[in-house]
Amino acid sequence: MSDVRWLSAEEQQVWRAFMTAVTKFTDHLDRQLQRDAGMPMAYYEILVALSEAPGRALRMSELASVCHSSRSRLSHAVARLEKEHWVERRACPSDRRGSIAALTDTGFAVLEQAAEGHVTAVREHLFDVLTPAQLRSLAEISRAVDAGLAVECASAREELADF
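Everything in this summary refers to the structure shown in the same document. (Residues numbered from 1 in each chain as written. Predicted model: local features only at pLDDT ≥ 70, side-chain atom pairs only at ≥ 80, totals over all residues. Heavy atoms only, no water.)

**Notes on the overall build of the protein chain**
Line of reasoning, step 1. Summing up its helical and strand segments, the protein chain has six helices and three strands in all.
Line of reasoning, step 2. Reading the protein chain from its N terminus to its C terminus gives the helix and strand order α-α-β-α-α-β-β-α-α.
Line of reasoning, step 3. Based on the C-alpha atoms only, the size of the protein chain along its principal axes is roughly 55 × 40 × 25 Å.
Line of reasoning, step 4. Each of the 163 residues in the protein chain was classed as buried or not, and the buried ones make up 25%. (Helix = DSSP H or I, 4+ residues; strand = E, 2+ residues; numbered from the N terminus. Buried < 20%, exposed > 50% of the residue type's maximum accessible area, 1.4 Å probe, protein only.)

Structure (structure tokens):
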């Protein structure tokens, strides 16, 4: 006997609707950032994380965690951002093996310009299409899904740290 708890027809519809909405929404945001700011959403998220950090800088390992990225993927992205002079990499003073990514003034200016179009797209395609009650439900649902993945995500981060 199979231990799989198959989805009901209604659950299947909810799952597909959720995946379609998330995929279309993130694809739209990525296209908007590419078109208007010349960067993919992953780069935008790195710039945002650095802009919100003390001194606009984070250890690469911490930045990878904040951006939900592997260290190798993040390292590649930061290298591209360095070429644009949006980010600079510095040696970590407390650990010679570590490095710090810091947002440059140029990168901060690029982020400020990109933020207007990004926030407009988020507002138009998320907040403006939902009622206040739906927004509260979305927040509650998002926190529940996030909490349900906390253990698995922590384990995955630990496994990646071992490499």
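Resuming the write-up.
**Concerning the nonpolar core**
Line of reasoning, step 1. Of all hydrophobic cores here, the largest spans 29 residues; its most connected members are Met39, Ile46, Leu47, Leu50, Leu63 and Val87.
Line of reasoning, step 2. Broken down by element, the residue count for this core peaks at seven residues, all from helix 2 (residues 41-52).
Line of reasoning, step 3. Setting aside its immediate chain neighbours within four residues, Met39 contacts Asp30, Leu33, Gln34, Tyr44, Leu47, Trp86, Val110 and Ala114. (Core = buried A, V, L, I, M, F, W, Y, C linked by side-chain atoms within 4.5 Å. Contact = heavy atoms within 4.5 Å.)

**With respect to helix 1 (residues 9-37)**
Line of reasoning, step 1. The terminal C-alpha atoms of helix 1, which comprises 29 residues, lie 41 Å apart, in line with the 42 Å expected from a rise of 1.5 Å per residue.
Line of reasoning, step 2. All of the buried residues along helix 1 are Leu29, Gln32 and Leu33.
Line of reasoning, step 3. Packed against the buried residues of helix 1 are helix 2 and helix 5 (105-125). (Expected span 1.5 Å × (residues − 1).)

**Description of the sheet that holds strand 2 (residues 87-91)**
Line of reasoning, step 1. Read across the open sheet, the three strands follow the order 1-3-2; overall the sheet is antiparallel. Across the chains shown, the open sheet's two edge strands, defined by having one partner strand only, are strand 1 (57-59) and strand 2. For this sheet, the mean inter-axis angle between neighbouring strands, taken without regard to orientation, is 25°.
Line of reasoning, step 2. Relative to strand 3 (residues 99-103), strand 1 runs antiparallel, the two sharing three bridges. Bridge assignment links Leu58 to a residue of strand 3, and that residue is Ala101.
Line of reasoning, step 3. Packed on one face of the sheet, helix 4 (residues 71-83) meets strand 2 and strand 3 and runs near 115° to strand 2. (Pairing = 2+ DSSP bridges. Axes fitted to C-alpha atoms, helices over the stretch in contact; angles between N-to-C directions.)

**Things to note about unusual backbone geometry**
Line of reasoning, step 1. Phi is positive for Arg56, close to 55°, though the residue is something other than glycine.
Line of reasoning, step 2. For Arg56, the position within the fold is in the loop between helix 2 and strand 1.
Line of reasoning, step 3. For His85, which is not glycine, the phi dihedral falls at a positive 65°.
Line of reasoning, step 4. By secondary structure assignment, the location of His85 is in the loop between helix 4 and strand 2.

**A few points about the side chain of Ser69**
Line of reasoning, step 1. Looking at where Ser69 falls in the secondary structure, it is placed in the loop between helix 3 (60-66) and helix 4.
Line of reasoning, step 2. Note on Ser69: relative accessible area 19%, which makes it buried.
Line of reasoning, step 3. When near neighbours in sequence (up to four residues on either side) are disregarded, Ser69 contacts Ala64 and Leu74.

**Digging into the packing of helix 2 against helix 4**
Line of reasoning, step 1. Between helix 2 and helix 4, whose axes approach to 11 Å, the crossing angle comes to 85°. In terms of their interaxial angle, helix 2 and helix 4 are classed as roughly perpendicular. In this structure, helix 2 uses Tyr43, Ile46 and Leu47 to contact helix 4, whose residues at the interface are Leu74, Ala77, Arg80 and Leu81.
Line of reasoning, step 2. Grouping the constituent residues of the contact of helix 2 with helix 4 by class yields six nonpolar, no polar and one charged. (Parallel < 35°, antiparallel > 145°, perpendicular 65-115°, else oblique. Nonpolar A, V, L, I, M, F, W, Y, C, P; charged D, E, K, R; others polar.)

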